[in-house]
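Structure assessment
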Amino acid sequence: MVAKKNPLAHYRKKRSFKKTTEPRGTIKKKKAKQPLFVVQEHHASHLHYDFRIEIDGVLKSWAIPKGITSDPSIKHLAVLTENHPMEYAHFEGIIPKGEYGGGTVMVWDIGTYENIKEVDGKILPMDKCFAKGRIEIVLNGKKLKGGYALIKTQRSETGENYWLFLKMRDKYAKRKIPSITRSALTGRTIKQIAQEGKTYED
Ligand code: MN
């Protein structure tokens, strides 16, 4: 029998935990009644937003270069990246220059989500939604509310993990997304996070 691969192996391999303050992390065993989502604004070599949702004790993660929209007519590219540990949802600070993902990270939004994907009138478990490449969830965050979908694209078959991220049509569609410049966790601006991070490095 082949041992089941550690779902955080890829995450840990990419990072040197002696250099970065990112968590090494653990895999959550207990199934969450109210699973978590987080969006992190990440000022790396290219600014992007990392969208992460709790599935099977880890955070499944996508990088969305164009960020989050509330307009259902707009589809944004979301590139699947490595699983992150649950602890990462509260990570805000600086990843040192030269390290993987080097740059400032802000918790742009955080909250819980509800799986609404039904097949034959029954909710399809999230691990199956992920495997099928079709995720439909309702977000209850500080900034983001309502239905969002993640749909794996045909291009994924070429080996690239391309998905589309889009707002579903509901009463939250097209609502203005408030205050994109402050942390949902600490109220800090990206500038403050960057400056405070620097003082720790000294
Ligand atoms: Mn990132």
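Here, the structure is the one placed above.
Read on for an overview of the structure.

Definitions and limits used
Each chain has its residues counted from 1, following the order in which its sequence is written. With the structure being a predicted model, the display of local features is reserved for residues of pLDDT at least 70 and the display and counting of side-chain atom pairs for 80 or more, all residues being used for whole-chain, interface and lining totals. The basis for every side-chain value is the complete set of heavy atoms in the structure, and neither hydrogens nor water enter the calculation. Donor atoms are limited to N, O and S found within 2.8 Å of the metal ion, a distance that becomes 3.2 Å for Na, K and Ca. With water left out, some sites might look partial. When a residue's accessible area, from a 1.4 Å probe over protein chains only, is under 20% of the maximum for its type it is buried; when over 50% it is exposed; and in between it is partly exposed. By the criteria applied, helices consist of DSSP H or I runs no shorter than four residues and strands consist of E runs no shorter than two, each listed in order from the N terminus. The definition of a nonpolar core used throughout is a set of buried Ala, Val, Leu, Ile, Met, Phe, Trp, Tyr and Cys residues joined through side-chain atoms within 4.5 Å. Any two residues whose heavy atoms approach within 4.5 Å are treated as being in contact. Aromatic rings from Phe, Tyr and Trp, taking only the six-membered ring of Trp, are treated as a pair when their centres fall within 6.5 Å; an angle between ring planes under 30 degrees marks them as stacked, one over 60 as edge-to-face, and anything in between as tilted. Here, a charge over a ring is recorded when the distance from Lys NZ or Arg CZ to the ring centre is within 6 Å and its angle to the ring normal is within 35 degrees.

Overview of the coordination of the manganese ion
Summarising the metal site, the manganese ion is bound by the protein donors His42 (ND1), His48 (NE2) and Asp50 (OD), whose distances to it range over 2.1 to 2.3 Å. Coordination of the manganese ion draws on donor residues from a single chain, spaced H-x5-H-x1-D in sequence. You can call His42 buried: its relative accessible area is 7%. Taking relative accessible area as the criterion, Asp50 reaches 5% and is therefore assigned buried.

A word on the environment of Asn161
Tracing the backbone shows Asn161 in the loop between β10 (145-152) and β11 (162-167). C-alpha separation for the pair Asn161 and Ala78, spaced 83 residues apart in sequence, amounts to 8.4 Å.

Notes on the nonpolar core
By size, the foremost hydrophobic cluster in this structure holds 28 residues, and its most contacted members are Phe51, Ile53, Trp62, Ile68, Ile135 and Leu144. With 4 residues, strand β2 (residues 47-55) is the single largest residue contributor to this core. Apart from the residues lying within four places of it in its own chain, the contact partners of Ile53 are Leu36, Phe37, Val58, Leu59, Lys60, Trp62, Tyr113, Met126, Ile135 and Ile137. Among the nonpolar cores identified, the runner-up in size contains 13 residues, and Leu36, Leu59, Ala89 and Ile95 belong to it.

Topic: the packing of aromatic side chains
Counting across every chain of the model gives 10 aromatic pairs. Ring plane angle 20 degrees and centroid distance 5.2 Å describe the contact between Tyr148 and Phe165, whose orientation is recorded as stacked. Placement of Tyr148 in strand β10 and of Phe165 in strand β11 is noted, with a sequence separation of 17 residues between them. In terms of burial, Tyr148 and Phe165 fall into one category: buried. Taken together through their ring pairs, the aromatic side chains of Tyr11, Phe17, Tyr88 and Phe91 make up a single cluster. Residue placement shows Lys60 over the ring face of Phe130; its charged tip is 4.5 Å from the ring centre.

These values are about where atoms sit, not about what they do.
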